[in-house]
Structures are given as C-alpha cells and as structure tokens.
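Residue-level structure breakdown
So the chains spell out like this:
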Amino acid sequence: MSQRFFAPSMQRGKKALIEGAEAHHLLNVMRAKIGDEVTLFDGQGHEASASIVGRDKKSVELEVGPIVAVDLELGSALTIAVALPKGDRQKWLVEKLTELGVTTLVPIVTEHSNVPPSDNAIEKLRRVVVEACKQCGRNRLMEIAATVSFAEFVASSDSGCDRVIAHPRCAPLVGSDEFDSVCVAIGPEGGFSESEVNMAMSAGWRLASFAPAILRIETAAVAAAAILGAGLQSWSEIGTTDEPRHGR
C-alpha cells in the first residue's frame, strides 16, 4: 500500500493518530489492515513511512519511521490572489494551483466580483489542498489566506515582490529575475474596474496578459502559475533516484 496520508503532528519513532477524513479514506476506501505500510506527510515539507499498529471505526494508529525532507517547492514564493469563481470551478482551481506549486492563494473581493466565499467554503477548499498534495506528491500545503478586498491586498503587498495584475491584451506575462517572489492578481469575470487597475499601477504593479484571448478566472490562474512557476523551478536541486516520482 503506497497511498499518502496527511499527518501534521507526526514524530519519528512515535505513534501518529489519523482521524476524520483521512481515517475514513484509509479504513473504508483503502481497506487498511494492521501491518500495512503507508506514507505520511506533515504539510510542512516532510514525509515518512509508517506502519499501521492499531485501528477502530473512526481512527488509525501508526508507528512513524524516519522522517525525511522532500522538497518539491518552487525556488521562490508564488502568490496568486484571485476573485474566486463559482461552484466546482473553485475546487478545480485550488487543485491545479496546488499541483503547480503555488505558495499562497488569496481570495479577493473586487468591484465586479460575486459574494465572497464563506468560512465553510474556505475550509472545504483547504481540504482540497490536502487531497491534491496526496495525489501529486507535494509535502507542503498551499496556504489559503483569509479573504480580503482588492484595495486591502494592494495596500499590503510587498514592494520587494514582482507584482502583476492580469489585464487582457497587454504585454505577455514573463518572469523577472529582479525579484525573489512573485504575486499575481486575477479579477472576476468582468475583470478589474478601471479604478482598481489605476490603483494597482500607482502602487507599482505591472499589467500583463496570459494569452491572446480573454481567459476565464480559473484558466488565467493556472496559466499564470504555469508560466511563472516554470521560471521559479529549482528542479536541478531535486535529487534523482532509481524510482522516479510520477508526474506529468
């Protein structure tokens, strides 16, 4: 059994207790038995092999082996601030940004955006992050920050970061070597208002487009993460083994 499971408080040589959704997956989907081995990850960049030593209907107890740091993160921090789309499009967006290595997702409220996501919706999206990390092999969770207004986000942004605002039919998005981190803001279906664009530009943001056509919210977010993430990769620093990590 090679499935991965989230155990944020795992410690080497000690027991780890898995409950809730993770226990349900392990017990009812994987049909885990005493003695089965799985991989645990803590969401902070570490993973460990572990063996099941106890179980009941709602929890699983595991003996944790050696903990190793397996870093699949981008070379620099990448923040995507986005006016979240509706329904299942949110889940797809979060899943793909997690796979692409985005460091932080910030839900923003703009002049043209829909009702901001509820606290319950944000918690569900954080669960999507865990599931995406389980699938793609990433050991560090993408952070989903608290929802803020676009004006608040622009005002609080780090001037030492390469700050990009999505805007159609502008110069194509390219990375910059001048900054150690990147922040991209993506508006709602109607785009950012003229006043919002001017506010961002006055604060030092630059405009960029991600394709010749006008993209949907989630498409723009994934395109930005892919374009910028490729320039932030540190794959040469990732060790190779005879058992390659599977990916696409």
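Everything below is about the structure printed above this text.
Quick look at the structure, then. None of these values were measured; they are calculated from a predicted model.

In this structure, histidine 167 sits in the loop between β10 (162-166) and β11 (181-186). The exposure class assigned to histidine 167 is partly exposed, which follows from its relative accessible area of 26%. Sequence separation of histidine 167 and cysteine 133 is 34 residues, and the distance between their C-alpha atoms is 30 Å.

On to the sheet that holds strand β3 (residues 37-41). What the five strands build is an open sheet, ordered β1-β3-β4-β5-β2; its pairing is mixed. Each of the sheet's edge strands pairs with one partner strand only, and the pair in question is β1 (4-6) and β2 (15-19). Going across the sheet, the axis of each strand differs from the next one's by a mean of 45 degrees, ignoring polarity. Relative to strand β5 (residues 59-69), β2 is paired through five bridges, and the arrangement is antiparallel. Across the sheet, isoleucine 18 pairs through a bridge with valine 60, a residue of β5. Together, β1, β2, β3, β4 (46-55) and β5 form the strand contacts of helix α1 (residues 20-29), whose direction differs from that of β2 by roughly 90 degrees.

Another aspect to go through is the packing of aromatic side chains. A complete count under the given rule lists three aromatic pairs for this structure. Here arginine 4 stacks its cationic end above the ring of phenylalanine 41, 4.5 Å away from the centre of that ring.

Below, the discussion takes up the pairing of strand β7 (residues 104-109). Counting buried residues in β7 gives five out of six residues, a clear majority hidden from the surface. The pairing of strand β6 (residues 77-82) with β7 spans four bridges and is classified as parallel. Across the sheet, the residue bridging to alanine 81 is valine 106, located in β7. Regarding the hand of the β-α-β motif, the stretch spanning β6, helix α2 (residues 88-99) and β7 is right-handed. Summarising the sheet, β7 and strand β8 (residues 143-144) pair through two bridges and their orientation is parallel. Along β8, the bridge assignment pairs leucine 105 with isoleucine 144. Across two bridges, the pairing between β7 and strand β9 (residues 148-149) is parallel. In the sheet register, isoleucine 108 faces β9, and the bridge partner there is valine 148.

As a further point, take the nonpolar core. Counting 37 residues, the largest nonpolar core has Ile80, Leu97, Leu105 and Ile186 as its most contacted members. Those elements that provide at least two residues to this core are β6, α2, α3 (119-136), β10, β11 and α6 (217-232). Per-element accounting of this core gives the leading share, nine residues, to α6. Once you skip the residues sitting within four places of it in the chain, isoleucine 186 turns out to touch Ile80, Ala81, Val82, Ala83, Ile108, Ala166, Phe192, Phe210, Ile217, Ala220 and Ala221. Counting 17 residues, the second largest nonpolar core, distinct from the first, contains Phe5, Ala7, Val38 and Ile52.

Calculation rules
- Residues numbered from 1 in each chain as written.
- Predicted model: local features only at pLDDT ≥ 70, side-chain atom pairs only at ≥ 80, totals over all residues.
- Heavy atoms only, no water.
- Helix = DSSP H or I, 4+ residues; strand = E, 2+ residues; numbered from the N terminus.
- Buried < 20%, exposed > 50% of the residue type's maximum accessible area, 1.4 Å probe, protein only.
- Pairing = 2+ DSSP bridges.
- Axes fitted to C-alpha atoms, helices over the stretch in contact; angles between N-to-C directions.
- Contact = heavy atoms within 4.5 Å.
- Phe/Tyr/Trp six-rings, centres within 6.5 Å; stacked < 30°, edge-to-face > 60°.
- Lys NZ or Arg CZ within 6 Å of the ring centre and 35° of its normal.
- Right-handed = clockwise from strand over helix to strand, strands pointing away.
- Core = buried A, V, L, I, M, F, W, Y, C linked by side-chain atoms within 4.5 Å.

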